[in-house]
Amino acid sequence: MRIFQRFEVWLLLIVGGIAIWWSFQTPPNPAENSSGAEISADSPLQLRRCTLERDFGNARLDLEVRYKNSSPRPLSMQAPDVRLVNGAGKDVPPFILPVERPPSIEAQTTGDVRLRFWLEKADLTGPLTLEIRGQKLEVKNGTALDLEKLENAKPKVWTSAAWAL
C-alpha cells in the first residue's frame, strides 16, 4: 500500500498536527504583562470597567478589576477567594467557559483580571459587591436597573458603581 506516497496524506498529517498543537496553547495571562507600580497605595482592589450584556431574561457581567496580591501564594480568581454578592446577601454564580482557565494573579504582584458573572433580573435591583480575600469593592450601587430597558446582546459599559441607562 502506497498511501504515504500521496501528497494529500502528508498535507493532512501536517495540518492535523498544527491543529492539535494550536488547541493545546494557553492564552496569555494579563497578570504577567502588568506592572506592580501602576496601582495606587490606598486601594489594593480597584474597579476598571463593568460590561453588562443582556441575554433575554438574564445578563452576563464582565468585571475588569486590578488587584494587588500581597499574599505569599498565587491567587486563582475563583470561589471561595472571589465572590460577587447581591443586595440580598446571596452569591452571584460565575459565568464559566470551558475553554478558558480562571484568571490568576501571582504572589506579591498586581494584576488586571476579567471576572465574569451570570446575573438574574433580581440581582440588578440592589447593590452588587465584589469580595476578594476580605477586600470589598462596590460594583453597583443600590439603584435598581431595569433589565428590560437594555437591548438584547448589546453591551453596556460603566466605569463606576453608578449604573444608569
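These figures come from a predicted structure and were not determined experimentally.

Enquirer: What's the story with the sheet that holds strand β5 (residues 91-92) in this structure? I'm lost.
Expert: Hydrogen bonds between backbone groups are what pair the strands of a sheet, and the pairing can be parallel or antiparallel. Strand order in the open sheet formed by four strands is β5-β4-β8-β9, and the pairing between neighbours is antiparallel. Edge positions in the open sheet fall to β5 and β9 (135-140), since each of these has one partner strand only.

Enquirer: Is there a simple way to think about the pairing of strand β4 (residues 82-85) in this case?
Expert: For a regular strand, the rule is simple: side chains alternate between the two faces of the sheet. Looking at chain direction, β4 and strand β8 (residues 128-132) are connected through four bridges and run antiparallel. If you follow Arg83 over to β8, its bridge partner there is Glu131. Linking β4 back to β5 in an antiparallel pair, the connection comprises five residues, with Gly89 at a positive phi of about 85°.

Enquirer: How do you make sense of the packing of aromatic side chains when you look at a structure like this?
Expert: When we look at a pair of aromatic rings, we describe it by the centre distance and by the angle of the planes. In the structure shown here, the tally under the stated rule is four aromatic pairs. The interplanar angle of 5° and the centroid separation of 4.6 Å between the aromatic rings of Trp158 and Trp163 together place this pair among those described as stacked. Considered together, Trp158 and Trp163 belong to a single accessibility category, that of buried residues.

Enquirer: What exactly am I supposed to notice about the pairing of β9 here?
Expert: In terms of strand pairing, β8 meets β9 through five bridges, oriented antiparallel. In the sheet register, Leu128 faces β9, and the bridge partner there is Lys140. Connecting β8 to the next strand, β9, in antiparallel fashion are two residues, including Arg133 with a positive phi near 45°.

Enquirer: Help me understand the pattern of salt bridges in this model?
Expert: It is possible for side chains bearing opposite charge to pair when their charged atoms get close. Following the criterion strictly, the structure yields 14 salt bridges and no others. In this structure, the salt-bridge partner of Asp81 is Arg73, at a minimum N-O distance of 3.9 Å. You can call Arg73 partly exposed: its relative accessible area is 45%. Arg83 is the partner of Asp91 in a salt bridge, and the nearest nitrogen-oxygen pair spans 3.2 Å. The partly exposed category is assigned to Asp91, whose relative accessible area is 43%. Here Arg83 falls in the partly exposed class, since its relative accessible area comes to 30%. A cluster of three or more residues bridged by salt bridges with shared partners is formed by Glu53, Arg60, Asp62, Glu100, Arg114 and Arg116.

Each value, and the rule that gives it
- Residues numbered from 1 in each chain as written.
- Predicted model: local features only at pLDDT ≥ 70, side-chain atom pairs only at ≥ 80, totals over all residues.
- Heavy atoms only, no water.
- Pairing = 2+ DSSP bridges.
- Helix = DSSP H or I, 4+ residues; strand = E, 2+ residues; numbered from the N terminus.
- Phe/Tyr/Trp six-rings, centres within 6.5 Å; stacked < 30°, edge-to-face > 60°.
- Buried < 20%, exposed > 50% of the residue type's maximum accessible area, 1.4 Å probe, protein only.
- Salt bridge = Lys/Arg side-chain N within 4 Å of Asp/Glu carboxyl O.

Don't take any of this as a statement about function, it's just geometry.
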